[in-house]
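Coordinates in review
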Amino acid sequence: MLRKQWKIRLVIEKKMLWWKRKKEVLITYGGATLYQQMELTNAKTDEEKVAFFMDWIKKNTGKKLSPTDELAILPNLERIAEQIIATAFSTKSRGEKNSEFSPYASYLVFLIQELRIEPRVLMDYTLQEIEYLSERSEE
């Protein structure tokens with residue numbers, strides 16, 4: 001329920017002499033963890049954001065990407081990043097329009113105390129799981 005999986009299918013065209021070969025790259029990923037959300041929030045420059053999403057893509061592909069593949073992905077990186085943000089970093093639950101859930105530090109401390117878990121454990125929870133726990137602690 002809380003650990004959804006999304007897929008992005010990229011087709012990279014490679015030219016070898018006079019013929020073209022297509023390589024398919026499948027990115028399979030789940031919800032972003034609190035740690036990943038903090039990493040993205042702390043990325044201030046465009047270079048840091050590009051590095052974050054390229055690292056995300058490398059970690060979530062089944063195949064190793066060559067430097068040529070990475071160069072082929074760069075022109076489409078903005079669209080890929082938008083899709084990742086819209087899916088992995090989104091907490092749309094129960095048909096609500098809430099597209100972002102950004103827990104504040106004081107609220108995280110409250111959750112840690114209420115649920116009696118270690119802070120490092122909470123960092124591995126996805127944003128969707130934290131939102132779900134938040135709803136449960138309010139009841």
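The rules we used
- Here the residue index of a chain counts from 1 through its sequence in written order.
- Per-residue local features of the predicted model are confined to residues with pLDDT of at least 70, and side-chain atom pairs are confined, for both listing and counting, to 80 or more; whole-chain, interface and lining totals are unaffected and use all residues.
- Heavy atoms from the whole structure form the basis of all side-chain values; hydrogens and water molecules are not counted.
- Under the scheme used here, helices are H or I runs from DSSP no shorter than 4 residues and strands are E runs no shorter than 2 residues, and both carry numbers assigned from the N terminus.
- A cavity here means a set of 1 Å grid points, computed over protein atoms only, where a 1.4 Å probe fits but cannot escape. A pocket is an open set with protein on both sides within 12 Å along at least 5 of 7 lines, and lining residues have an atom within 4 Å of a point.
- Grid points are joined across faces, edges and corners, and a volume is the space filled by probe spheres set on the points.
- Three classes are used, and their members are as follows: Ala, Val, Leu, Ile, Met, Phe, Trp, Tyr, Cys and Pro are nonpolar, Asp, Glu, Lys and Arg are charged, and the others, Gly among them, are polar.
- To count toward a patch, a residue needs a relative accessible area above 30% and no salt bridge. Like charges then connect within 9 Å, nonpolar side chains (Val, Leu, Ile, Met, Phe, Trp, Tyr) within 5 Å.
- Note that accessible areas follow from Shrake-Rupley with a 1.4 Å probe, and for residues the cover is restricted to the protein chains shown.
- What counts as a salt bridge is simple: a side-chain nitrogen of Lys or Arg found within 4 Å of a carboxyl oxygen of Asp or Glu.
- A simple rule labels every residue: compare its accessible area, found with a 1.4 Å probe on the protein chains alone, to the largest value its type can have, and call it buried under 20%, exposed over 50%, or partly exposed in between.
- Each residue carries a pLDDT score, the predictor's own confidence in it, on a scale running from 0 to 100.
- Working rule for contacts: check all heavy atoms of both residues, and any pair within 4.5 Å makes them a contact.

**What about the overall build of the protein?**
A tally of regular secondary structure across the protein gives 7 helices and 2 strands. When the helices and strands of the protein are read in sequence order from the N terminus, they spell out β-β-α-α-α-α-α-α-α.

**Considerations on the environment of Ile130**
Following the sequence through the fold, Ile130 ends up in helix 7 (residues 127-138). As for Ile130 and Leu34, which are separated by 96 residues in sequence, their C-alpha atoms are 8.3 Å apart.

**Quick word on the layout of surface pockets**
Considered as a void within the structure, the second largest pocket measures approximately 230 Å³ in volume. Elements that contribute at least two residues to the lining of the second largest pocket include exactly strand 2 (19-30), helix 1 (34-42) and helix 2 (46-59). Looking at the lining of the second largest pocket element by element, the count peaks at 4 residues for helix 2. Tallied by class, the residues present in the lining of the second largest pocket amount to 4 nonpolar, 7 polar and 3 charged.

**What to know about unusual backbone geometry**
Negative phi is the rule for most residues except glycine; trans is the rule for most peptide bonds. One non-glycine residue, Arg116, lies in positive phi territory at about 55 degrees. Mapped onto the secondary structure, Arg116 falls in the loop between helix 5 (105-115) and helix 6 (119-123).

**Comments concerning a nonpolar patch on the surface**
Taken together, the side chains of Met16, Leu17, Trp18 and Trp19 make up a nonpolar region of the molecular surface, amounting to roughly 560 Å² of accessible area. On the secondary structure map, Met16 appears in strand 1 (residues 5-16). Under the relative-accessibility criterion, Met16 is labelled partly exposed at 39%.

**Comments concerning the confidence of the model for the protein**
Do not read the fine detail of predicted coordinates wherever pLDDT is low. Per-chain confidence: the protein averages 82 in pLDDT, with 86% of residues scoring 70 or above. Ranking the elements of the protein by mean pLDDT puts helix 7 last with 74 and helix 2 first with 94. Scored below 50 in pLDDT, residues 94-101 makes 17 contacts in the model with residues more than four places away or belonging to other chains.

**Description of the pattern of salt bridges**
This structure, assessed with the given rule, holds 5 salt bridges. With a closest N to O distance of 3.0 Å, Arg9 and Glu24 form a salt bridge. Here Arg9 is found in strand 1, whereas its partner Glu24 is found in strand 2, with 15 residues between them in sequence. Residue classification places Arg9 among the exposed residues on the basis of a relative accessible area of 52%.

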